Amino acid sequence: MHWSEEIAQRIINRNPNKEEYVCAAGISPSGSIHIGNFRDVATSYFVVRALRRMGKKARLLFSWDEFDRMRKVPVNVAKVRDDFEKYIGCPYVDVPNPFEGTEGDTYAAYFEKEFEDSIGKFGIDMDFRHQGEMYRSGKYRGYIIHSLKKRGEIFDIIDSHRTQDAAEGERENYYPVSIYCPECGRDTTKITALSDDCLKAEYECACGHHGSFDFSVDTNCKLAWKIDWPMRWMYEGVDFEPGGKDHASLNGSYDTSKDISKKIFGYEAPLFQGYEFIGIKGTTGKMSGSSGLNLTPETLLKLYQPEVILWLYSKTEPLKAFDFCFDDGILRQYFEYDRMLNEVREGKANDYTKSIMENTTVAGREPVTVLMSLLVQLGSVVDFNVPMLETVFEKIGSDYKYEQFADRLHRAKFWLEQCAPDQVNRLRPFRNWDVYETLNEQEKQEIALLHEYLSTSKYTLDELNSQLYAIPKQVFSDLTDEKALKAVQGTFFKNVYRLLIDKERGPRLYLFLYAIEAEKYLPLLDFSTPKTEEEATPVVVEQTPRETKKVVYGDPDPVAPVKDQIEMDAFDAIDMRVCQVVKCSEIRKSHSCLKLVLDDGIGQRTIVSSIKSEYTPEEMIGKKIIVLANLKPARFAGVTSEGMLLAATNNACGCKVIFVDDSVPVGTCIH
């Protein structure tokens, strides 16, 4: 049973005769709504779909928490407006739209529309609640007054979930509501007196304003989060709501709000499901719309079809993390999605796979499982020319037309150009004599035989594939060892790639040579004529400074408590020493790791470190670092690592290696 179906069954068991079940989600429009927030929507959406499959009526309630106070100015807003700090403390619905010439009168309206426009592309139907309107229309007036009357009991519930003791007088001065000041617009107010009937309050604001507030008439106030949340559960009749794993922690927001819901509002709290945060490029961490690390659904839709995004959420249980990939991991994700979809369509899928894929359907869309990797490989060679791509597909026996691969084509192009420009494959303009002249006579003979075969033969795709492996066998006919033969075949493939596209790897060679018009590449394999004037002229490569990496990080992680004390003997058992990076290189097929060869003062050792997203190999060579030298060796990405470097990792800075002053000799121990 799919996880969403298990939750749906629990909802039904709790209240089997309810006419309509309500699954809720809510987001504060603090900035662009990022894909981490989307897990809130997706989790409830899948449960709604599961309930409907079980024959129940269900709806997805979405709350725009636009009456929340503005906490800080997001990075993208700060870039266009330098005067928004003054709005901190104001409700988002009262802050002006920071982007001139765009839709939306307010800050909240702008970011709400941005999200709603993208969510429509997933086919998700939601029942929206705008909390600014709900509060200011007076719909919650009675519950606010009720909360004020129960303020002592509410304080006791909140206090029971805290580890710190309450300060003297704290209970008597506690009020579960904040008043927005009519002068400065912020919630920097403090209630100084409340009438016995809890209808009228006196307050003062940090801006200097003093005033009176009549809760039976005035509505410019808001309940604190842990009271507001259960109040809305009761008001809307919510049966299920997910939330980030931080809310699900012991004595966290849900635990506290659950007690308030039952004891103050007399409502049994809805089922709650915590969820893990989403990672990017193989890293996991909480993304924040206000910090600037705000990958939105609209941005992701430039890379992923909506069905594939839904599939990633559907196939992953809420408390497990997964990654959205900007590297070639995205190609594997498309492949796996296609495999599951084809299993369902061919009637070969099990019930669990069917449930996963049922959650990914979008009304009016019918995905075609054209291999994304093939679109990337062949598309780059023909410069994404549609008629040529259609011809290529026809030649390799996959007779796809543009309307079948159009939905993926622009995403393949966007990924290749924006995320993986190093994987763009372009035929050279003329012969690569620099490479050819480094080949030995047997390797040159291989190139001549390939040119002859391609020039004079008519062949099928399979025949071409067989011939590519047969040519090295023919030239190196004396080789009987299978391992040695595979090595020369591998070298032959590398040489062909280098001569054609200036790389040692590329698209599957037999597909590449078969699909592309032979006259385009045959001249690049023919070295029977002398160098042309163009080929003889040295190529001057203009050096351009490498662009400095621009990385926007999130909020700092909470400071971890100090670990248990240890004896000095335990520390002395750790061998940390200064090493110098002699060589550094990327590891094939690893998205996050670099291979470092180090001088440790005694000899050389190799370590593997997942710092690829932070440092290039060139940046590491020659640097002195601290290494845990007596760590038991382990294999990572196919390489044995003999130690571990020291680095500081934090959401606010990423992973930063600890470098050592150049004056410290290699091999120096750290005490």
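For clarity, every value in this text was computed on a predicted model and none was experimentally measured. (Residues numbered from 1 in each chain as written. Predicted model: local features only at pLDDT ≥ 70, side-chain atom pairs only at ≥ 80, totals over all residues. Heavy atoms only, no water.)

Along the backbone of the chain there are 25 helices and 22 strands. Projected onto its principal axes, the C-alpha coordinates of the chain cover approximately 100 × 65 × 50 Å. Within the chain, the fraction of its 671 residues that count as buried is 48%. Of the roughly 33,800 Å² that the chain leaves accessible, carbon and sulfur atoms contribute 49%. Seen as two clouds, the 84 positive and the 104 negative side-chain charges of the chain have centres 2 Å apart. (Helix = DSSP H or I, 4+ residues; strand = E, 2+ residues; numbered from the N terminus. Buried < 20%, exposed > 50% of the residue type's maximum accessible area, 1.4 Å probe, protein only. Areas by Shrake-Rupley, 256 points an atom, 1.4 Å probe, with all protein chains shown as cover. Lys, Arg positive; Asp, Glu negative; His and termini not counted. Charge placed at Lys NZ, Arg CZ, Asp CG, Glu CD.)

Attention now goes to the pattern of salt bridges. Under the counting rule described, the total for this entry stands at 41 salt bridges. For Arg411, the salt bridge identified is with Asp407, shortest N-O distance 3.0 Å. Here Arg411 pairs with Asp407, and both are found in helix H16 (residues 402-418), just 4 residues apart, close to one helical turn. Arg411 sits in the buried class, given a relative accessible area of 6%. Among the residues examined, Asp407 registers a relative accessible area of 25% and is labelled partly exposed. Arg428 serves as the salt-bridge partner of Asp502, at 3.0 Å between the closest nitrogen and oxygen. With a gap of 74 residues between them, Asp502 in the loop between helix H20 (482-501) and helix H21 (509-515) and Arg428 in the loop between H16 and helix H17 (433-436) connect regions that are remote in the sequence. Judged by relative accessible area, Arg428 falls into the buried class, the value being 16%. Several salt bridges share partner residues, and in doing so they unite Glu20, Arg59, Asp127, Arg129 and Glu236 into one network. (Salt bridge = Lys/Arg side-chain N within 4 Å of Asp/Glu carboxyl O.)

Before going further, it helps to spend a moment on the pairing of strand S5 (residues 189-194). By the bridge criterion, 5 bridges tie S5 to strand S6 (residues 200-205) in an arrangement that is antiparallel. Looking at S6, one finds that Ala193 is bridged to Glu202. Between S5 and S6, which follow one another and run antiparallel, lie 5 residues, and Cys198 among them has a positive phi close to 60°. (Pairing = 2+ DSSP bridges.)

This part takes up the confidence of the model for the chain. Put simply, the chain has an average pLDDT of 90, and 95% of its residues get 70 or more. Mean pLDDT across the secondary structure elements of the chain bottoms out at strand S12 (residues 283-284), with 35, and peaks at helix H6 (residues 141-149), with 98. Within the model, the stretch residues 282-293 combines pLDDT values under 50 with 39 contacts to residues more than four positions away or in other chains. (pLDDT = per-residue confidence, 0-100. Contact = heavy atoms within 4.5 Å.)

Bringing the packing of aromatic side chains into the picture now. This structure, assessed with the given rule, holds 45 aromatic pairs. Between Trp229 and Phe272 the ring centres are 6.0 Å apart and the planes differ by 80°, which places this aromatic pair in the edge-to-face class. In this pair, Trp229 is assigned in helix H8 (residues 225-236) and Phe272 in strand S10 (residues 271-275), connecting sequence segments 43 residues apart. Owing to a relative accessible area of 4%, Trp229 belongs among the buried residues under this scheme. The class for Phe272 is buried, based on a relative accessible area of 15%. (Phe/Tyr/Trp six-rings, centres within 6.5 Å; stacked < 30°, edge-to-face > 60°.)

Another aspect to go through is the pairing of S10. In terms of burial, S10 is a largely internal element, 5 of the 5 residues being buried. Bridge count between strand S9 (residues 240-244) and S10: 5 bridges; the pairing is parallel. Among the inter-strand pairings, Gly244 is bridged to a residue of S10, identified as Tyr275.

With respect to topology, 5 strands assemble into an open sheet ordered S16-S15-S14-S17-S20, the strand pairing being antiparallel. Either end of the sheet is taken by a strand with one partner, and the two such strands are strand S16 (604-609) and strand S20 (644-645). The sheet contact formed by strand S17 (residues 624-628) and S20 spans 2 bridges and is antiparallel. When the sheet's bridge partners are listed, Val627 is paired in S20 with Leu645.

For the rest of this paragraph, the subject is helix H4 (residues 107-119). Because an α-helix completes one turn every 3.6 residues, residues spaced three or four positions apart along the sequence face the same direction. Its 13 residues place the ends of H4 19 Å apart at the C-alpha level, agreeing with the 18 Å of an ideal helix rising 1.5 Å per residue. Tyr107, Ala108, Tyr110, Phe111, Glu112, Phe115, Ser118 and Ile119 are the residues of H4 that are buried. At its buried positions, H4 is contacted by strand S1 (21-27), helix H2 (38-53), strand S2 (58-64), helix H3 (75-78), strand S3 (127-130) and helix H10 (297-300). (Expected span 1.5 Å × (residues − 1).)

What follows concerns the nonpolar core. Phe38, Val41, Tyr304, Tyr313, Phe324, Leu454 and Tyr521 are the most contacted members of the largest nonpolar core, which has 114 residues in total. The next biggest cluster of nonpolar side chains, apart from the first, holds 30 residues, and it includes Tyr135, Phe155, Tyr174 and Phe213. (Core = buried A, V, L, I, M, F, W, Y, C linked by side-chain atoms within 4.5 Å.)

Below, the discussion takes up the sheet that holds S6. Taken together, the 3 strands give an open sheet; going across it, the order is S5-S6-S7, and neighbouring strands pair in antiparallel fashion. Across the chains shown, the open sheet's two edge strands, defined by having one partner strand only, are S5 and strand S7 (210-214). For this sheet, the mean inter-axis angle between neighbouring strands, taken without regard to orientation, is 30°. Two elements, S6 and S7, share 5 bridges in a ladder whose sense is antiparallel. The partner of Glu204 across the bridge, within S7, is His210. (Axes fitted to C-alpha atoms, helices over the stretch in contact; angles between N-to-C directions.)

Phi is positive for Cys198, which is not a glycine, with a value near 60°. Relative to the assigned elements, Cys198 resides in the loop between S5 and S6. The exposure class assigned to Cys198 is buried, which follows from its relative accessible area of 8%. Positive phi outside glycine occurs at Ala637, with the angle close to 50°. Within the secondary structure, Ala637 is located in the loop between strand S18 (634-636) and strand S19 (639-641). Judged by its relative accessible area of 44%, Ala637 is partly exposed.

Packed helices, taken two at a time, are described by their axes: the angle between them and the distance between them. Running from amino to carboxyl end, helix H11 (residues 306-315) crosses helix H13 (residues 351-358) at an angle of 135°, the nearest separation of the two axes being 8 Å. Considering the angle they form, H11 stands oblique to H13. In this structure, H11 crosses over H13, and the sense of that crossing is right-handed. Residue-level inspection shows Trp311, Ser314 and Lys315 of H11 in contact with H13, the latter providing Ser355, Ile356 and Met357. The class makeup of the residues in the contact of H11 with H13 is 3 nonpolar, 2 polar and 1 charged. (Parallel < 35°, antiparallel > 145°, perpendicular 65-115°, else oblique. Left-handed = near helix turned anticlockwise from the far one by under 90°. Nonpolar A, V, L, I, M, F, W, Y, C, P; charged D, E, K, R; others polar.)

Structurally, the position occupied by Phe38 is in helix H2. As a C-alpha pair, Phe38 and Gly26 span 12 residues in sequence and 9.9 Å in three-dimensional space. Other than its neighbours up to four places away in sequence, Phe38 contacts Phe115, Ile119, Phe122, Ile124, Pro297, Ile309, Leu310 and Tyr313.

A word on the side chain of Glu307. By the secondary structure assignment, Glu307 is in helix H11. A residue is classified by how much of its surface remains accessible, and Glu307, at 2% relative accessible area, is buried. At a separation of 2.6 Å, a polar atom in the side chain of Glu307 contacts the side chain of Arg365. If near-sequence neighbours (up to four positions away) are discounted, Glu307 is found in contact with Tyr337, Thr360, Val362, Arg365 and Pro367. (Polar contact = N/O pair within 3.5 Å; in protein donor to acceptor, adjacent residues only side chain to side chain.)

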